[in-house]
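As a plain string of letters, each chain reads:
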Amino acid sequence: MPALPQQSSSDATASAAVTACLSTIVSYPTLYQHEESLTTQQAGSLGAYDVMAWISYLESIDDVLELMKDGLSSLRNTIKKKKTVGELNTLQAGGRTFHISPIRAAGITHTLPEFITEINNLTKARMVVGERAVSLLPGSYKLWKNHLGFCAKLLELEVEESSLNNDGGDAATSLATFQSKCNQHRLPSYLLQSTNYHHYQNIISAYERALVRLHKMPTLWLQYASLVAIYDPQRNPTTVRKIYDRALVALPASQHDRIWEDYICWVTGILPSASNARGGGDDTESGEAWTIVSRKGYHKVKYGFETPLVSQWRKRGWGYHHHQQQQSSPIDGSDNEKAYVATVPTETAVRILRRYAFCYDTTFREDLATLCITRYGRFGEAASLLLQLLNNEQGVGGGMGVFMSPNGTTRHELWLRFADVCTGHPKEAKLAGVDFDGIVRAVLRGKNRGAVAGLGTVGGGVGGEHALGFEVFDRSESSGNGDEEEDQRRSKDKSSTPQVLDHHLGEMEGTLWTRLAEYHVRAGDFELARSVYEEALDAITRVRDFSLVFDAYVKFEEGVIEALMELMEDEEDEEDEEVGDDEKGEHKKQSTAADNEDLDILLGDNTINTFTDGDNAGSSADVDLAISRAEHLTSRRPLLLNRVLLRQNPHNIGEWIKRSQLYLDLEEVDMAASALEESLKSVSAHKAVNGSPCTLVLTLIDILENRQKNVDAARNVLKRICTNGENDFQDADDLAQCHAAWVELELRQENWDMALNLARRAVAGNVGKKGSKAARGLSRSLRLWNLLFDLEESLGTIQTTKDAYDRALEIKVATPSHVLNYASFLKEKKYFEESFAAYERGIGLFPFPHAGATLLWKSYLTDFLERYDGSKTPRARELFDRCIADCPSEECPEFFLLYGNYEETHGLTKRALGVYERMCTTVPPSEKYTAYRLYIAKAIQYLGVTSARPIYEAAISALEDGPASRICLEYAKMETGLREVDRARTVLVYGAQLADPRRDPDYWKAWHEFEVSYGNEETFREMLRVKRSVQAAFSTVNYNAAEMGAGLPQAETLTDDAALEMIAEREGVIVEKKPLVGGFVQSKKRTADMADLGEVERRAARLREVTAAVASGGDEIDIDEEEEEDSEPAPIIAKHVQGVSEKAIPAAVFGGLTATGN
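Thresholds applied
- Residues numbered from 1 in each chain as written.
- Predicted model: local features only at pLDDT ≥ 70, side-chain atom pairs only at ≥ 80, totals over all residues.
- Heavy atoms only, no water.
- Helix = DSSP H or I, 4+ residues; strand = E, 2+ residues; numbered from the N terminus.
- Buried < 20%, exposed > 50% of the residue type's maximum accessible area, 1.4 Å probe, protein only.
- Contact = heavy atoms within 4.5 Å.
- Core = buried A, V, L, I, M, F, W, Y, C linked by side-chain atoms within 4.5 Å.
- Pairing = 2+ DSSP bridges.
- Salt bridge = Lys/Arg side-chain N within 4 Å of Asp/Glu carboxyl O.
- Expected span 1.5 Å × (residues − 1).
- Patch = residues over 30% accessible without salt bridge, like charges linked within 9 Å, V, L, I, M, F, W, Y side chains within 5 Å.
- Areas by Shrake-Rupley, 256 points an atom, 1.4 Å probe, with all protein chains shown as cover.
- Lys, Arg positive; Asp, Glu negative; His and termini not counted.
- Charge placed at Lys NZ, Arg CZ, Asp CG, Glu CD.
- Axes fitted to C-alpha atoms, helices over the stretch in contact; angles between N-to-C directions.
- Left-handed = near helix turned anticlockwise from the far one by under 90°.
- Nonpolar A, V, L, I, M, F, W, Y, C, P; charged D, E, K, R; others polar.
- Phe/Tyr/Trp six-rings, centres within 6.5 Å; stacked < 30°, edge-to-face > 60°.
- Lys NZ or Arg CZ within 6 Å of the ring centre and 35° of its normal.
- pLDDT = per-residue confidence, 0-100.
- Polar contact = N/O pair within 3.5 Å; in protein donor to acceptor, adjacent residues only side chain to side chain.

**Student:** Explain the overall build of the protein here, please?
**Tutor:** Tallying secondary structure elements over the protein gives 51 helices and 3 strands in all. Taking all 1158 residues of the protein together, the buried fraction comes to 43%. Taking all contacts inside the protein whose residues are at least 6 apart in sequence as the whole, residues at least 24 apart take part in 60%.

**Student:** What exactly am I supposed to notice about the nonpolar core here?
**Tutor:** Burial of nonpolar side chains together is a common tendency in soluble globular proteins. In this structure, Trp 54, Met 68, Trp 221, Trp 266 and Phe 418 are the most contacted members of the largest nonpolar core, which totals 139 residues. Setting aside anything within four residues of it in sequence, one finds Trp 221 in contact with Leu 211, His 215, Ile 243, Arg 246, Ala 247, Ala 250, Leu 251 and Ile 259. Within the second largest apolar cluster, 129 residues are counted, among which are Ala 838, Trp 857, Cys 968 and Trp 1004.

**Student:** Please clarify how the pairing of strand E2 (residues 96-101) should be interpreted in this entry.
**Tutor:** Along a regular strand, successive side chains alternate from one face of the sheet to the other. One ladder, built from 5 bridges, connects strand E1 (residues 89-93) with E2; its direction is antiparallel. Each residue of the ladder has a partner; that of Ala 93, found in E2, is Arg 96.

**Student:** I'm lost on the pattern of salt bridges in this one. Help?
**Tutor:** Any two side chains of opposite charge can pair if their charged atoms end up close together. This model, assessed by the stated rule, comprises 50 salt bridges. Across the pair Arg 933 and Glu 970 runs a salt bridge whose closest N-O atoms are separated by 3.3 Å. Here Arg 933 is found in helix H43 (residues 925-943), whereas its partner Glu 970 is found in helix H45 (residues 961-977), with 37 residues between them in sequence. Under the relative-accessibility criterion, Arg 933 is labelled partly exposed at 44%. Through salt bridges with shared partners, a single ionic network connects Glu 347, Arg 351, Arg 354, Arg 378 and Glu 381.

**Student:** I tried to follow the sheet that holds strand E3 (residues 110-111) on my own but got confused; where do I start?
**Tutor:** Strand pairs in the sheet, formed through backbone hydrogen bonds, run parallel or antiparallel to each other. Read from one edge to the other, the open sheet built from 3 strands follows the order E1-E2-E3, with strand pairing classed as mixed. Across the chains shown, the open sheet's two edge strands, defined by having one partner strand only, are E1 and E3. Relative to E3, E2 runs parallel, the two sharing 2 bridges. Opposite Ile 100, over in E3, you have His 110 as the bridge partner.

**Student:** Looking at this structure, I do not really get H45. What am I missing?
**Tutor:** Each turn of an α-helix holds 3.6 residues, which means side chains three or four residues apart point in the same direction. In this model H45 runs 24 Å from its N-terminal to its C-terminal C-alpha over 17 residues, within 8% of the 24 Å that 1.5 Å per residue would give. Turning to H45, its buried residues number three or more, namely Pro 963, Ala 964, Ser 965, Ile 967, Cys 968, Tyr 971, Ala 972, Met 974, Glu 975 and Thr 976. In the core, the buried residues of H45 are packed alongside H43, helix H44 (948-958), helix H46 (981-992) and helix H47 (1001-1014).

**Student:** What is the right way to read helix H22 (residues 509-522) from this model?
**Tutor:** With 14 residues, H22 should cover 20 Å at 1.5 Å per step; its first-to-last C-alpha distance of 20 Å lies within 8% of that length. Of all 14 residues in H22, 11 are buried; the element is thus mostly enclosed. Residues of H22 that are buried: Glu 509, Gly 510, Thr 511, Leu 512, Trp 513, Thr 514, Arg 515, Leu 516, Ala 517, Tyr 519 and His 520. Positive phi shows up at Gly 524, right after H22, with a value of about 95°.

**Student:** Would you explain unusual backbone geometry in this entry?
**Tutor:** It is generally the case that most residues other than glycine have a negative phi and that most peptide bonds are trans. For the bond running from Phe 848 to Pro 849, omega is 10°, close enough to zero to count as cis. Residues other than glycine seldom take positive phi values, yet Lys 812 does so here, at roughly 60°. The exposed category is assigned to Lys 812, whose relative accessible area is 59%.

**Student:** Would you explain a negative patch on the surface in this entry?
**Tutor:** Taken together, Glu 558, Glu 562, Glu 566, Glu 569, Asp 570 and Glu 572 make up a surface patch of like negative charges. Following the sequence through the fold, Glu 572 ends up in helix H24 (residues 543-576).

**Student:** What is the right way to read the packing of helix H18 (residues 411-424) against helix H20 (residues 436-445) from this model?
**Tutor:** Helix packing for two helices is described by the angle between their axes and how far apart those axes are. Here H18 crosses H20 at 145°, and the two axes come no closer than 11 Å. Taken as a pair, H18 and H20 cross one another with a handedness that is left-handed. Contact residues: Trp 415, Phe 418, Ala 419, Cys 422 and Thr 423 in H18; Phe 436, Ile 439 and Val 443 in H20. Of the residues contributing to the contact of H18 with H20, the split by class is 7 nonpolar, 1 polar and no charged.

**Student:** I'm lost on the packing of aromatic side chains in this one. Help?
**Tutor:** Note on aromatic pairs: each is described by the distance of the centres and the angle between the planes. Enumeration over the complete set of coordinates arrives at 34 aromatic pairs. A centroid spacing of 5.9 Å and a plane angle of 35° characterise the contact between Phe 880 and Tyr 902, whose relative ring orientation is tilted. Within this pair, whereas Phe 880 is found in helix H40 (residues 873-886), its partner Tyr 902 is found in helix H41 (residues 892-906), the two being separated by 22 residues in sequence. Comparing Phe 880 with Tyr 902 shows no difference in burial state: the two are buried. Seen in terms of ring centroids, Tyr 952 and Tyr 971 are 4.9 Å apart; in terms of plane orientation they differ by 5°. Their pairing is stacked. Residue Tyr 952 is found in helix H44, and its partner Tyr 971 is found in helix H45; the two are separated by 19 residues along the sequence. For the pair formed by Tyr 952 and Tyr 971, the shared burial category is buried. Chaining the aromatic ring pairs together yields one cluster made of Tyr 244, Trp 260, Tyr 263, Trp 266, Tyr 356, Tyr 360 and Phe 364. Its guanidinium or amino end placed over the ring of Phe 150, Arg 126 lies 4.3 Å from that ring's centre, counting from NZ or CZ. When the ring centre of Tyr 929 is taken as origin, the NZ or CZ atom of Arg 966, which lies over that ring, is 4.8 Å away.

**Student:** Explain the environment of Asp 803 here, please?
**Tutor:** Along the chain, the position of Asp 803 falls in helix H36 (residues 798-810). Measuring from C-alpha to C-alpha, the distance between Asp 803 and Glu 792 comes to 9.7 Å, with 11 residues separating the pair along the chain.

**Student:** Help me out: how do you make sense of the confidence of the model for the protein in this one?
**Tutor:** Close reading of the predicted structure is inappropriate where its pLDDT is low. In this model, the protein carries an average pLDDT of 75, and 68% of its residues clear a pLDDT of 70 or more. Low pLDDT, under 50, characterises residues 167-175; the stretch is placed with 8 contacts to residues that sit more than four places away or in other chains. Across residues 1073-1093, confidence stays below pLDDT 50; counting only partners more than four residues off in sequence or on other chains, it has 18 contacts.

**Student:** Would you explain the side chain of Glu 1017 in this entry?
**Tutor:** By the secondary structure assignment, Glu 1017 is in helix H48 (residues 1017-1033). Side chain to side chain, Glu 1017 and Arg 1021 meet in a polar contact 2.5 Å long.

What follows is the structure, given as structure tokens:
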């Protein structure tokens, strides 16, 4: 048998334990086989040094114990249900058969108490066997884990056994009652039933012996710490802390994550969440996700199982979150077990978390700051930690760019959290070395960074020995020389570490200003808070930030008013009360003095009269002052908002003008002028928007002259702008307006000569900043030249005026209007030839096709004709010829008319008609129709009607189809008036080919009326034939509705049938109508009589015969429509008609028949 471990105080005790163990093991055949195999050394086997043999031995004992405990539990349940004690149960375990009954009887091997004793004996034997195994093989991890696990399991079983022994009722109820007692005494449950702590001490001793050899096994450390944290009778957190610290020292750094996760869980009481997410969430059975700080279950994700402490706490329902819920809603003792959490002193917890955050996982700093705020009340340290996070420019992964904390918190949220901590606890923040005022000002203004250097670095000294207000490690034991070296190192780190507080704040500027003011308010510095508000209103550049700051400022002033009102009411109440003894009166005086001192701070004036007994006048005045401040602040809002917009863009002309107008509305003329003076210095002409820069100068001049009545100041401003070139205008017109304003100012002051000299000097280009673009452009400014011309004509001499106009024409600045004004001026002064010379110079500057050339030529010709009135005709004709030769066709009709009128009045008719003829060939096509009509009218007027025939023919050949058709109508109308019907009909026939019946119905209407009035049936039918031919020719041409006159009112005209009937009736011809065939629809295009064109021709031939017979004096007219084609014509006897004049029929009526002699 192998040697037994020295586990008791004497060898006798150890021998007794081994003997008892062997006697128990021998009674079980299965277990005895394992014992014999270990004690007998066989060939090829390790004997007692075989690890797997010991593992098999221990597992066999465990199986036997499990069977026996299951049988015991089944027996108890049976007894409880059936209420009988004579029940017999048989159980086989370890090669033995147990006949168990509650009472002793024949065949019964064990009663219930004896069976329980047998289980306990086997349990002790199991402990002894485990000790023997680890004593022989102390370096076996498997044996130690099996043995220590069995020992820890016994502690849990004792709780259940103790509860069953104390109360024979329901196990769940008994366990709950027993656990409530344990919680009341703050002791582990098994200690209430144990007379000593030897079992717990034996387990601790076993763990210590195991860690001597297996100190590199993190699982043993975790199990050890979990056992002590749960079952330590003294509940001493120092013991647990030292175990974790020893584990961190013993294990390599690569395995520290397993220890730290359990360590942090024990310190904070926050269980890791089951999901691999860091954010908060709802509580689940597998994990606790706290809404403020949550930890990821790295251990379970990496190794597949949770740490012992986490699994034990989760099994018991322990955790800080449950603890908080039970405190908010306490319930009975049975549920208080779930509220239990290990208590760790605040200082110990903070030091542990600080070491973890600074030495191992720097991403935990944000969680540490949150814990300091929400649980430990370390607001100063939380502010320091948040400041370090803000100084960290790198987000997740260490890359530069958009900052994002490991928990998903943005920089904006960190700033708000940092501001909340500092404003809510200003004293703690100052004690921690966080200068919130300096930090915010450095960030907002980007200045004085040295004042906050080192605030975000560990060991940087600001406002105390340590910038953070704490140290990660305790260095109190270091020597004096070490302190000097440490100071040198800190100063070096301070100088070499840059402060990176200049972040992109976005829309946080207004929020930070309000928090800074609130910081001073909570610190009691009310006057400083008011100055912060004023500074913020002068610094912010966004309208949104302005609204935040202004609303907070108004709320602050309202709070001051409310405080003063309450204080005044308290004073009135105290005056009404009777004063007691002197001590009460002295106490009242002291309290009143203290209140008055606070009031002085609120009002920002320490010289205000303090409140004394019966002194209500001072309090009323203070209230009035506070109300006046609030009203003044409200009235300043438009100006403050305007200032914000100007800080956004100081080159906004419209906002500067608006600012001056706001001051004028408040009757602050001097401030309005000062604002405009400031605008002249701030606005750059190259960047000006929303207006012209010269508007600022003009508005300032108007205020100085009309509001302040200070003409000299206005003159000085204009001198600075115009002469000294103080403002570099981008556009020459802006500077020209300033010069014009100066001239007009002198005119209003009746300084005529000075005004004229200023205008002359301005156009000379010798003023302003040399080389500037605006100054160079003054000599070509039309504004200044117009002003100079007006002044010269009004104040100057004729020669100076002529010189000014000549100078403008010479440098080619003059416009056609200037030339016209110059010529008009010379004409008024009787310098006619010089005025014509001015016209000639203007025409040279502005030849055709310039738009002003038409005005110049028209005025030139009008003035020339007015001056000489028919004399100097050759010169006039030369002028007209020059004008018409150069004039574009679009502009020439007016000059042709003027030329023709001149020739009609002072020249020859032939030359006048020649001018009109030239006009017809020169004008654009759109004007030719009108020109030909005018030419025809003049020809008829001077030469007679017949002289217009060649003109009509030329017009018809020169014009387009539409105008030509209208000319044909006029030509035909003229011939009709001359009783030349044949010529008129010929003209109409020729013009018909130019007029589409669909587009020009008026033409065909006129021909229709003409035939009705002057033609006969044959000519009318010829007109219809021509119309059909023209329709067929134009059938392939398409027009839109607008071109065809769609929607216009149509004149009612006679249809072809109606016109034919009218002619037949007038000539006495009876037209026979053919009957219509039933069932057919009559054609709309032609009548039944006109269906056969051959028939139409035959009727026309007979009509000509009848006409010839009438002309020869026949007595009878016989029209036989039923005669056959081959029959001979019957003799026609015409009757002599009395009282009717006769006239020869024109040859055109017969067409080509007369040529053949038929």
